[in-house]
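The primary structure of each chain is shown beneath.
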Amino acid sequence: MKYPFHTLERRSFIQQLGGTAAAGLLGAPLAKGAKVSAAKPAADSAPPRFGDGRDWFLEKRFGMFVHWGLYSILGWHEQHQWRGRVPRREYVKLADRWNPIRFDPDQWLDLLQEAGMKYLTVTTKHHDGFCLFDSKLTKFTTVNTPYGKDLIGMLADACHKRRIPLCLYYSIADWNHPNYPNQGRHHELPKPEEGDKPDWNAYLEFLRGQVRELCTNYGKIHGFWWDMNVPEHADPSINRMIRELQPDAVINDRGFDKGDFGTPERDYKTDDARAFSTRVEACQAVGSESWGFRKDEDYYTVGHLERSITRYLARGANYLLNVGPQPDGAIDPRSSAILREIGRWMKSVGESYGDALPATRLSRNPNVMLTRRGNTLYVHLHTVPMTDSVKLKPFTTLPRRAVLLNSNSELGLSTDLCPSDHQSRIGYLRVRGIPADSLTNSVGVVRLEFDDLDAALGRSAAKGNEDGNLIR
Ligand code: GLC
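Draft legend 1. Molecular detail of the sheet that holds strand β2 (residues 119–125). Read across the open sheet, the seven strands follow the order β5-β4-β3-β2-β1-β7-β6; overall the sheet is parallel. Taken across any chain shown, the strands that pair with only one partner, and hence form the sheet edges, are β5 (250–251) and β6 (281–285). Where strand β1 (residues 62–66) lies against β2, four bridges are found, and the strand directions are parallel. Paired with valine 66 across the two strands is valine 122, which belongs to β2.

Draft legend 2. Structural detail: the site of the ligand. With respect to spatial proximity, eight residues lie near the ligand, and among them Glu78, Asp227, Glu265, Cys283 and Trp291 are the closest. Across the shell around the ligand, the residue classes tally to three nonpolar, two polar and three charged.

Draft legend 3. Molecular detail of the nonpolar core. Core analysis: the largest hydrophobic core is formed by 113 residues, its most contacted members being Met64, Leu120, Leu168, Phe224, Tyr319 and Val379. Of the residues forming this core, the biggest block, six residues, is contributed by helix α12 (residues 333–349). The residues that make up this core include at least three from each of domain 1 (53–352) and domain 2 (359–468). The residues contacting leucine 168, other than those within four sequence positions of it, are Val122, Thr124, Leu214, Ile221, Phe224 and Trp225.

Draft legend 4. Region of interest: the pairing of strand β3 (residues 166–171). When you tally the buried positions in β3, you get six out of six residues, the bulk of the element. As paired elements, β2 and β3 share five bridges and run parallel to each other. The partner of leucine 120 across the bridge, within β3, is leucine 166. Viewed along the sheet, the connection from β2 through helix α8 (residues 151–162) into β3 turns out right-handed. What joins β3 to strand β4 (residues 223–227) is helix α9 (residues 200–216), and the crossover it makes is right-handed.

Draft legend 5. Quick peek at the packing of helix α7 (residues 105–114) against α8. Close contact between α7 and α8 brings their axes to 9 Å; oriented N to C, the two are set at 45°. In this view, α7 runs oblique relative to α8, as classed from their interaxial angle. Here α7 runs over α8; the crossing is right-handed. Residues Pro105, Asp106 and Leu109 of α7 pack against Met154, Leu155, Ala158, Cys159 and Arg162 of α8. Per-class residue counts for the contact of α7 with α8 are six nonpolar, no polar and two charged.

The rules behind each value
Residues numbered from 1 in each chain as written. Predicted model: local features only at pLDDT ≥ 70, side-chain atom pairs only at ≥ 80, totals over all residues. Pairing = 2+ DSSP bridges. Helix = DSSP H or I, 4+ residues; strand = E, 2+ residues; numbered from the N terminus. Near = placed C-beta within 6 Å. Nonpolar A, V, L, I, M, F, W, Y, C, P; charged D, E, K, R; others polar. Core = buried A, V, L, I, M, F, W, Y, C linked by C-beta atoms within 7 Å. Buried ≥ 20, exposed ≤ 12 C-beta atoms within 10 Å, placed from the backbone. Domains from an automatic or database assignment. Contact = placed C-beta atoms within 7 Å. Right-handed = clockwise from strand over helix to strand, strands pointing away. Axes fitted to C-alpha atoms, helices over the stretch in contact; angles between N-to-C directions. Parallel < 35°, antiparallel > 145°, perpendicular 65-115°, else oblique. Left-handed = near helix turned anticlockwise from the far one by under 90°.

Now the structure itself:
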């Protein structure tokens, strides 16, 4: 499913990159003989900062998403009640079986940290209406189960101890509350169930009350993650309340107004290499079918996930990777293994994200994405490598050193003329000796250390002009 989020129009993107020079680098048509202004590369860009306590979001970048609830007992999908056509009166009986005796928030957070993740976003109430927190406004909570505890409270304590930002997911659509007007729209039950009294305003009253509980009972909250606003109901007063209660909380765009950031889901538009000019947090699960625990889930390969992560982080977005814990509270071995593998990768290549800025526009090679910090350029091999080298048109200057971060090993460099460039006579920068066969299920990242990257870019552009081969 696609969610609205802002992608840049090509025109405004080129403007943002700084006009003609950028247009040339992007491959936009230039009149024959037109001069590319060589000396001044366009400014790097990143989504705007908030300038307040919400800036944590632009620093942490990579988080863990958790979908957990009664549905995990059935082990099929987080929307089992709806997709499995289960009547509410049957579904709610699962609450009598909720007893996650292996739940240990510290184990989740250990895994989160091992995976290189920096914050947690967890479902407090999914579409089924079951609350993982102690709400005074409904009985349908973990407190009224054999387990009897407030799971969000336990998680919040553990997060606060480790100073890990905690964000709360909350579904607006509700398949349990008698006032929610279920009428077969997007992710709604086809019609109200017996005894329901659909009343949107009464439901909103309940929702406001729960949001207030979540924003007052658990100490500092770093984010509020709305889902499934059906109908698209605008009401800025709700986010305003969150902001008053939790000023450092970032709010997503699936609620009652546009919020602070967009939420593309499951590799939406990953074929687009342009940097984001707005704040974005992509989300994806380790399994391809479900966000909640699924017994025989079809898991993504680590390579697919690393490519997906790269295609967002290298463009300035955040990334949430989801796991669905088992009904006993433990995270299944397969998901844990995937996260650990990603953590090992993140540990070696992580310096290429963080505060490094998106810079893919500097090269015309569609198989790489670039990020940049000062005179260091990071080359992300975000497609399965086809050769053991990478040519970085239009660069013509050798950096001091090239290091493959995955193995911390130095790579070869050359600007010798390649046969395929015989017409332009330009020897482009090539990074050589990449162990491509060992990177087919991962994303290689090469660190290029330049003495003066801006000067190198200027020289490359000038060289293109001299040879009448405009940089395009
Ligand atoms: C999809 C799923 C929903 C899940 C959400 C997470 O919209 O339908 O169940 O919570 O993704 O982004």
